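A closer look at the structure
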Amino acid sequence: MNLLNLSPLFFGAGLAGLAVGLYLLQQLRIRYTRVPVPTTLFWAEAVRDAPVRVFRQRFKHWLAWLLAVLICWLLWLGFADLRTDRSETANFYALVLDGSAQNAVGDDFEVSKQQLLNDVRSYPKQQREVYYAGEHNLKLLAYDEETRVLKQRLDDQTPVSARSSVEDQLRLLARDAVNAENQVHAIVYGRTAIPSEVIDDLPENMSVEQRLPDDEDNFSNRGIVALGVGEPLSGAWDKVDVLIRVLRTNADEVTAEDLTITVGDQTISSDELTGVGDSDFLLDDVLADGSELQVSISGEDDLEFDNEASLVLPIRTQIPIYLGNNVPESILPAINADTALIVVPESEAKVAVLGPGDSPSTLPTFHVVDESAQEQAFEIWYVGPQDENSERALDRTIERLGIEHIDATAIAQEIERQITVRLRFGDQRIVSVWLPVVEDEFNFRESISFPLFISKSMRYLADEAPWYAYLAAGRQAIEQSAGTSLADTDALSELAVGTYFVRNATGEFELTDELPGVISLLDKTSTIRSSSENIGSETVATTSPYPLWELITWLMLLALALVVSEWYIYQRRLMP
Amino acid sequence: MARLTFDELFDSEFLSALEVFDLRIKRFIRQGRHGEQLSHDRGFGQEFKDFKAYVPGDDLRAVNWSIYQRLGRLFVHVFEEYQDLPVYLLVDLSKSMFLEDPPRIVAGLRTALALGAIAAGQHDIVSLFSFSDNLDMQTKPISSKGQLIILARQMAELDELDRTNLSDVLDELSHQKLRRGLLVIVSDFFDPSGIEAIDDAIRKVRHKILLIQLTKEEDADPELNPEIVGDLRLVDCELDDAIDVTIEPQVIREYKRIYGTFNEALIELADSLGSGLVQIDCEKDILDQLSLMFQTRNLLV
């Protein structure tokens, strides 16, 4: 036996307080109703032997007091929420409704919703909360909130084209459960697959159960689970290869003819698709001009959300550079080998490459200088205010320029000077290098890091726009080409670091003017519907631990009966 | 509602229904003019009753000259004589008569007017007095049905006065030189001085007395009043005196006993005076109650 709302001490104090309070109230009832009468002659005589109650006079209305105390005690007991089963009061129930694409098949979502509504009434409001795992995790019903508001809140929710966030919700609950004293039971309503590692990581005082919408699993589906771009095998700088991966479950195999591909307004013939294995298709050398590429699967199946996927192709144009007259011969092969670069007159260039003695340029400049011209071997100028964020970005720039790959010790021994890098802030991007570092007589010129350094320096100086290899719902945006690109990825790196960029729902977005995108579902678990492992699941609600005719109902009925009795006795004038 | 208007009082239907009733007293003292009240004195009425020897002062028109011829002595005729009866209507105008809804004064005035109408119909002289703590005589007594309108108008002008002090009023009345007649006291008799004081005072009055007690059912059984529940501060409307009461069965029982004693005392008073006591329930039809009162068509006091 346990009290849910009150401590035993406070409960006992309340009982005593009510009894004493009512006793005092009985005595203090000295507010008389004023009634004018023709004469008080007879009343004066009548009350001579039955004087009126006055303050602190002998208490004599025991029946009235007893009834009032009993009624108040019953209400107090009801408020205290007496539980006869101690184990139940130690439980907390987190009911999680899956509103992702995984629960959007047929009427699964409606069934899950109804199951939740049926079940939630069974739990005391102090021991349950309801969460919605759709595009975002929402708390639909908080602790102690009235259950009746839930239906209206659920009516506003529909399953969305998003990966399931049930997993995230369970991890949050697990994190909180670690510090909780009671047992936490998470009940997931829906068919979303819960990874076994999530279950394995649960604290000892937490369990997860799943309510499936139905027993039968006739799920039939074909869907796109991957759509991405990468560097073309042809080596063409201004093109990309596109990978399309399609999976199926209880459905016919997907052929190239089943796929419709458009780039901008142009439809790509299925003949241009190359099948790779059972599920992959490759589209070679697609012009990287920033168009939107859309892929869709023809035919009907149970899940629509994965029948279409899109991405915005990157914009890859050659970087025009101007070569000064005194550029060392040693770096020209690296420049010529980079198909992303094209040599143009200074007026058309975006980047200037200058040697010792060349006139300074207003363009971002790769400058080879004499040792006497600067103190450090490498000086890198960064544009922007000097603050913590820009310093961090500058550090990353150095890293991406590949300077860390240089055998600085060997160079230092050869030129008998210390090789260091200096970071500077200015109005223009500049990469300035000692001449001896790039000359043929040193091994840096011969290393594989050298062309990488030159190429990355050119892209840094040109401030090339970044792009994404793919954008999938619920997954972190990853910089293009699996990190092998030579682009300046400052902005992308910023995005990739933070989890806020993870968007669970599909759709177009525009983070900045330079970074438009389309997020697709691309979710394998949604498309082929894997089932949860190591989780007890059932399709019907469990028997309520709190039946309708629980103790509180009887307490209220008893209190009502006492009120009726009091009224009857009062009407019979046996009680004032 | 404080009082009745003239139109409400002077209800021809009500007044015509009263014509069948007679009001008579057992004995009457010769003093006034001829009327319909039977006097114990023999006089010069219409019906012959006896002869008596002539004494100086007798009306010579009554001398039986035939007997004088035969016997040589004077005898005069003696007839049954009917005289008029002074009826004094004494109406209580204290605050208690105006308090409730309907106020007791309504039934009181209707009853008084009814009795006045009956008396005037018998050519008796009807005078209206009102009182609370003082006696107040209304002018112009009436002696015929044709003058009933005057009585009704006087009644319609009556207004609420102060507290009841019937004993003092009766004392004052006893000192007034009025022809002996019938004094009709219309009141609730809730006199703070008590019945004993009234008893003492009323015995000084030389008139025949008819007591009209205006009652309500809740006087005897206060539980009929829905307001009489719980803890009450009962305010006496006349004295502005308050008494705190917790309504309980014991208190109600005691109240009923005391009220019963009061009523018994009033009845005993009427009996000891040889007068009549009529209880009029203010919430019931007056005519019905008067019909019961005049069951044998006439009320003998």
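Cut-offs and rules
- Residues numbered from 1 in each chain as written.
- Chains lettered and ligands numbered in written order.
- Predicted model: local features only at pLDDT ≥ 70, side-chain atom pairs only at ≥ 80, totals over all residues.
- Heavy atoms only, no water.
- Buried < 20%, exposed > 50% of the residue type's maximum accessible area, 1.4 Å probe, protein only.
- Helix = DSSP H or I, 4+ residues; strand = E, 2+ residues; numbered from the N terminus.
- Contact = heavy atoms within 4.5 Å.
- Buried area = accessible area lost by both parts, 1.4 Å probe.
- Salt bridge = Lys/Arg side-chain N within 4 Å of Asp/Glu carboxyl O.
- Polar contact = N/O pair within 3.5 Å; in protein donor to acceptor, adjacent residues only side chain to side chain.
- Nonpolar A, V, L, I, M, F, W, Y, C, P; charged D, E, K, R; others polar.
- Pairing = 2+ DSSP bridges.
- Patch = residues over 30% accessible without salt bridge, like charges linked within 9 Å, V, L, I, M, F, W, Y side chains within 5 Å.
- Areas by Shrake-Rupley, 256 points an atom, 1.4 Å probe, with all protein chains shown as cover.
- Axes fitted to C-alpha atoms, helices over the stretch in contact; angles between N-to-C directions.
- pLDDT = per-residue confidence, 0-100.

1. Some details on helix α7 (residues 195-202) of chain B
Every α-helical turn comprises 3.6 residues, leaving residues that sit three or four positions apart pointing alike. Among the residues of α7(B), Ile195(B), Ile198(B), Asp199(B), Ala201(B) and Ile202(B) are the ones counted as buried. Turning to α7(B), the residues buried within the fold contact α6 (166-174), β8 (182-187), β9 (208-215) and α9 (249-273) of chain B.

2. Details of the interface of chain A and chain B
Listed as interface residues are 28 residues of chain A and, on the opposing side, 35 residues of chain B. Between chain A and chain B, roughly 3200 Å² of surface is buried when both sides are summed, and carbon and sulfur atoms account for 66% of that area. Where chain A packs against chain B, one counts 0 salt bridges. Remark: the boundary between chain A and chain B carries 7 residue pairs in polar contact (both at pLDDT 80 or more). Elements with a minimum of two residues in the side of chain A that touches chain B: β2 (33-37) and α2 (41-46) of chain A. At 6 residues, the largest contribution of residues to the side of chain A that touches chain B is made by α2(A). In terms of residue class, the side of chain A that touches chain B is built from 16 nonpolar, 4 polar and 8 charged. Of the strand pairs in this sheet, β2(A) and strand β10 (residues 231-236) of chain B are connected by 5 bridges, and their pairing is parallel. Its bridge partner lying in β10(B), Val37(A) is registered against Asp236(B).

3. With respect to a nonpolar patch on the surface
Residues and elements named next belong to chain A. Judged by side-chain polarity, Leu 551, Trp 554, Leu 557, Leu 560 and Val 564 come together as a nonpolar surface patch covering roughly 470 Å² of accessible area. Counting through the fold element by element, Leu 557 comes out in helix α17 (residues 551-571). Note on Leu 557: relative accessible area 39%, which makes it partly exposed.

4. Describing the sheet that holds strand β21 (residues 378-383) of chain A
All names here are of chain A. Sheet architecture is open: 7 strands sit in the order β18-β17-β19-β20-β23-β21-β22, paired in mixed fashion. Here the strands that pair on one side only, and so sit at the sheet edges, are β18 (341-343) and β22 (421-426). The sheet shows a mean angle of 20 degrees between the axes of neighbouring strands, direction not considered. Taken together, the 3 bridges between strand β17 (residues 319-323) and strand β19 (residues 351-354) define a ladder with parallel strand orientation. Paired with Leu 323 across the two strands is Val 353, which belongs to β19.

5. Focus on the confidence of the model for chain A
Residues and elements named next belong to chain A. Residue-level pLDDT values for chain A average 80, and 79% of them are 70 or greater. The spread of mean pLDDT over the elements of chain A runs between helix α15 (residues 490-497), the lowest at 44, and β19, the highest at 95. Contacts for the low-pLDDT stretch residues 539-546, under 50 throughout, to residues beyond four places or in other chains number 21 contacts.

6. Quick look at the pairing of strand β11 (residues 259-263) of chain A
Regular strands place side chains that alternate from one sheet face to the opposite one. Residue and element names in this part refer to chain A. For β11, the buried fraction is high: 4 of the 5 residues fall into the buried class. Pairing of β11 with strand β15 (residues 292-297) involves 5 bridges; the strand directions are antiparallel. Within β15, the position partnered with Thr 262 by the bridge is Gln 294. Pairing geometry for β11 and strand β12 (residues 266-268), over 3 bridges, is antiparallel. In the sheet register, Ile 261 faces β12, and the bridge partner there is Ile 268.

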